[in-house]
Amino acid sequence: MLAGNASSTLIGLIAFALTARALGPAQYGALALCFTYTRAVERIVSFQSWQPLIKYGAEAIEGGRTEDLKQLLKFGLLLDVSGAILSWLVAVALLLAGAELFGVSADMRTLALIYCFVLPFQLSGTPTAVLRLFGRFRSLAYLQVVSSLVRAGLCGIGVALNWGLFEFTLLWMLTQIFSGIGLVFVALRVLRDQNLHGVLSTPMRHVRERFPGLWRFALSANLSLTIRSSANEFDTLIVGALTDAASAGLYHIAKRIGRLGQQAGVQVQAVIYPELSRAWAAQAVPAFTRIVSQSQLLLLAAGMVGVAALYLMIEPLLRFAAGPEYVAAAPLAVVQGFAVVLMLNAAVLRSALLAMGQDRAVLSSVLVATLCFHATAFTAIPHIGAMGANVAHIVLSAVWLIAMYLAFRRRIAGAKP
C-alpha cells in the first residue's frame, strides 16, 4: 500500500510539475483554486461514509452477519450518491450566486463551473470501505498508480502541444472522473469475489435497530471532517483571497510537496482503522494500544526523515521540475512538512478514538483546533503572506494532537481488557 501510494504520489507530482511549467504561476494558481474549491465543497457537503461503514462493517464481519453487512453497504452507497449530487448543486449555486459578490471574474467562474462536473462522480466512500474491510490494498494501490500514469502522460502531451489553461482544466477534470469510476468498478469486483450479491436490492428496513448509533456516528464523524476541511481545503482559497492568485499557486504546489508524507499516513490509517475496530470490538485492549503506539512511532520517524530530506532537496527539485519562478515555494513546503508530522500522529489517535466510538471527543477536539487555525491564519497571512497559512497548520496540528491524546488516555484508563 505504501509503495503504491508513494509511486502514485511521485507520478502525480510530475503531472503537477508539467502543468505548472506549462501554465506559469498565475494560471496555475487559477487552476489550483478550481481544485481547492470543488474539493472543499465536496468535503463539507458530502458524507464520508467509509468511517461508519468500516466501524460497523468490521463488527458485522466478525459476527458473520452477511445480510446486515449488505444492508450497511447499501446505506453507505445511498449516502455517497446523495452527497455527490448535493455537493454539485451547492458548488454550482454558490458560483452563480456569489461570483460577483466575491469579485470572481467571468472567465474564472466559467472555469470553476466546468470543473464542478467532477463532483457527481465522487462516490469513493463505500468503494473505499469495501476495499479496506476486505484487505484489497493491492487493488487500490494499482488503481492509484494507473490513474496517475494516465494523468501524467496526458500532461506531457499537453506540454508538447502547448495547451492552455482551458485544456488543462478539461484534462484534470476528466482524469479525476475516470479515477472515481474506476474505484467503483474495482469495489464491485471485490463484492462479487466475496459472494456479496444483491446489495442494491437489500431492503433498508430496521437499519437503525441493527446498527444502534449508526446515524449519530455518521453525522458526528462527518461533521468533524467538515470542520477540519474548512482548514485543510479552504487554506488555498484564504491565501488567494488575502493575497493573489500567484501566491495561491505557490502555496498550493508547496502544500502538494510538503504533504507527501500525509498521503503515506492516510494509507497507514487505511490499514490500521479496520484492525483497531476489530480489536476494540473484541476488547483486546493491549493489542489495541500496541497498534496505536507502533503506528505513531513509525510515522514520527518516517516524518522526521522526510522533513530533513525535503530541506536538502526541495529548492533544486522545484527549479528542475516546475521552473525557477516556483523556487519561492521551497520554504513553504518545508514548514508544511513540520505540520504534517504532527498531523500524522494526531490522525492515528483519531482512528483509535473512532474505533472506540468516541466520535464526540474527535468532534470537540477538531472544533477547538480549527478555530485556532482560522484565528492564526487570518491574523498572520496579511502580514507574512502564504507562510501564515503554514504557521496556522502547525498550530492546528499541535492543538488537535494534544486534545485527542488526552481523550485517548482517559478512555484507555477506563477500559477493561
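For clarity, every value in this text was computed on a predicted model and none was experimentally measured.

Thoughts on the side chain of Ser 87
With respect to the element layout, Ser 87 can be found in helix α3 (residues 66-98). Under the relative-accessibility criterion, Ser 87 is labelled buried at 1%.

Quick word on helix α15 (residues 359-384)
For α15, which comprises 26 residues, the first-to-last C-alpha distance of 36 Å matches the rise-based estimate of 38 Å (1.5 Å per residue) to within 8%. At Ala 377, α15 shows its maximal kink, close to 25°.

So, the environment of Ala 369
Considering the arrangement of structural elements, one finds Ala 369 in helix α15. As a C-alpha pair, Ala 369 and Pro 212 span 157 residues in sequence and 29 Å in three-dimensional space. Contacts of Ala 369, omitting those with residues within four sequence positions, involve Leu 396, Val 399 and Trp 400.

Regarding the packing of α3 against helix α5 (residues 125-133)
Helix packing for two helices is described by the angle between their axes and how far apart those axes are. Axis separation between α3 and α5 bottoms out at 8 Å; the angle between their running directions is 145°. Taken together, the residues of α5 that come into contact with α3 (itself represented by Leu 73, Gly 76, Leu 77 and Asp 80) are Gly 125, Thr 126, Pro 127 and Val 130. When grouped by side-chain class, the residues that make up the contact of α3 with α5 number four nonpolar, three polar and one charged.

Remarks on the pattern of salt bridges
For the structure on display, the rule yields five salt bridges. In this structure, the salt-bridge partner of Glu 67 is Lys 70, at a minimum N-O distance of 3.4 Å. Separated by three residues within a single helix, Glu 67 and Lys 70 lie in helix α3, roughly one turn from each other. You can call Glu 67 partly exposed: its relative accessible area is 45%.

Overview of the state of the cysteines
Tallying each qualifying case throughout the model produces zero disulfides. Its sulfur unpaired, Cys 116 is 8.1 Å from the next cysteine sulfur, which belongs to Cys 34. According to the relative accessible area criterion, Cys 116 is buried, its value standing at 0%. The closest cysteine sulfur to the non-disulfide-bonded Cys 155 is located on Cys 34, 15 Å from its own sulfur. Of the residues examined, Cys 155 reaches a relative accessible area of 0% and is grouped as buried.

About the criteria used
- Residues numbered from 1 in each chain as written.
- Predicted model: local features only at pLDDT ≥ 70, side-chain atom pairs only at ≥ 80, totals over all residues.
- Heavy atoms only, no water.
- Helix = DSSP H or I, 4+ residues; strand = E, 2+ residues; numbered from the N terminus.
- Buried < 20%, exposed > 50% of the residue type's maximum accessible area, 1.4 Å probe, protein only.
- Expected span 1.5 Å × (residues − 1).
- Bend = angle between axes of the 7 residues up to and from the residue.
- Contact = heavy atoms within 4.5 Å.
- Axes fitted to C-alpha atoms, helices over the stretch in contact; angles between N-to-C directions.
- Nonpolar A, V, L, I, M, F, W, Y, C, P; charged D, E, K, R; others polar.
- Salt bridge = Lys/Arg side-chain N within 4 Å of Asp/Glu carboxyl O.
- Disulfide = S-S within 2.5 Å.

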